[in-house]
Amino acid sequence: MEAIIAVLLILMIAGSIYTLHARDLLSAIVSYGIVGFALVIIFLFLKAPDLAIVQLVVEIITLIIMIAVIRNSSKEDLQERTTVKVEGVHYINLRSALYLLVTGILCIGLFYYFVKSIPGLEPFGVHTTRMATTYIEQGAELTGSANLVTGILFDFRGYDTLGEATILLTAVIGILTILRIKGKKV
Amino acid sequence: MTLFVLCFILFLVGMYGVITRRNMIKIILGLCIMEYSLNLFFVLIGYVKNGVAPIITKGTEQATFVDPLPQAMVLTVIVIGLATTAMLMAIAIRLYRKHNTFDIREINTLKG
């Protein structure tokens, strides 16, 4: 069980590394699909069927939007090579080397603090339901919903869902505004 | 423990992409990867060993459920993530139409 999830997570990491390094944008987006669909399988293993369904739908819509965006655009990657070839001799590109160095230091620092803070978490598979105890025990009687996730989402935390709907509306208005107005020529 | 570390490595990969890539689409993909790893982390924390999915049916009276609260939160986050991704994509295609490139270092005509 834990081993299967670990293998799927390694597949996700490999897929995301290929996504960021692919030469062609279309293959980058297709390999980004690996990450999302592996996440769907992991959600099913972690006993979260609602999340798996929603993630599947959202993943497909995201892929369609992305492919529609890059369909009529340039698909090449714009990355600088890490080595520059001048008169047959390879030189290290200083700017991209600097970026890599800064990112490496940042990642190692963050990773160190994460590993240091792991003992404060409960180990995988052990969880004390503090707030959700009431939800689990009385959720069915109070909300009348057999699915506890739906009961929490639409009853106990209905205002969160209202805020989510507000964000969706704002995003749609923003997209319409961005795509409608004509830009100034510079 | 292993799963938490792997999940955080996925987050770091996304952050590496956001910092070092030059292509706008790749930056957006990196942001989405970070969001996925966060969703996964929430659900991993709420998992209970030998738990069942939080749906009450016949035969689950004695069983332990996995925590339904992180799942409800993540459900909200997934939908909001779709909205923000669509908005970022709209901005990207808008900039592409104006500048004819996805390269963020060539789009430097922002004037106040």
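The notes below deal with the structure included here. In this text the structure is predicted, and so the values were computed from the model without any measurement.

Quick look at the pattern of salt bridges now. Per the stated rule, a full pass over the model turns up two salt bridges over all chains. Here Asp160(A) makes a salt bridge to Arg157(A), at a shortest N to O gap of 4.0 Å. For Asp103(B), the salt bridge goes to Arg22(B), with nearest N and O atoms at 2.5 Å. Highlighted residues: Asp103(B) in the segment after helix H3 (68–99) and Arg22(B) in the loop between helix H1 (2–20) and helix H2 (24–45), separated in sequence by 81 residues. For Asp103(B), a relative accessible area of 2% puts it in the buried group. For Arg22(B), a relative accessible area of 12% gives the class buried.

This part covers a nonpolar patch on the surface. All names here are of chain A. There is a patch of nonpolar side chains on the surface, built from Phe37, Ile53, Leu56, Val57, Ile60, Ile61 and Ile64 and spanning about 600 Å² of accessible area. Broken down by element, the residue count for the nonpolar patch peaks at six residues, all from helix H3 (residues 49–70). Turning to its location among the elements, Ile53 is positioned in helix H3. Look at Ile53 and you get exposed, because its relative accessible area is 56%.

The subject of this paragraph is the packing of helix H5 (residues 132–143) of chain A against helix H6 (residues 148–156) of chain A. Residue and element names in this part refer to chain A. Relative to each other, H5 and H6 sit at 70°, their axes nearing to 10 Å. The angle between H5 and H6 falls in the class roughly perpendicular. Classified by chirality, the crossing of H6 by H5 is left-handed. Of the residues in H6, those touching H5 at Tyr135, Ile136, Gly139, Ala140, Leu142 and Thr143 are Leu148, Gly151, Ile152, Asp155 and Phe156. Each residue belonging to the contact of H5 with H6 can be placed in one class, and the counts come to seven nonpolar, three polar and one charged.

Criteria and thresholds
- Residues numbered from 1 in each chain as written.
- Chains lettered and ligands numbered in written order.
- Predicted model: local features only at pLDDT ≥ 70, side-chain atom pairs only at ≥ 80, totals over all residues.
- Heavy atoms only, no water.
- Salt bridge = Lys/Arg side-chain N within 4 Å of Asp/Glu carboxyl O.
- Helix = DSSP H or I, 4+ residues; strand = E, 2+ residues; numbered from the N terminus.
- Buried < 20%, exposed > 50% of the residue type's maximum accessible area, 1.4 Å probe, protein only.
- Patch = residues over 30% accessible without salt bridge, like charges linked within 9 Å, V, L, I, M, F, W, Y side chains within 5 Å.
- Areas by Shrake-Rupley, 256 points an atom, 1.4 Å probe, with all protein chains shown as cover.
- Axes fitted to C-alpha atoms, helices over the stretch in contact; angles between N-to-C directions.
- Parallel < 35°, antiparallel > 145°, perpendicular 65-115°, else oblique.
- Left-handed = near helix turned anticlockwise from the far one by under 90°.
- Contact = heavy atoms within 4.5 Å.
- Nonpolar A, V, L, I, M, F, W, Y, C, P; charged D, E, K, R; others polar.

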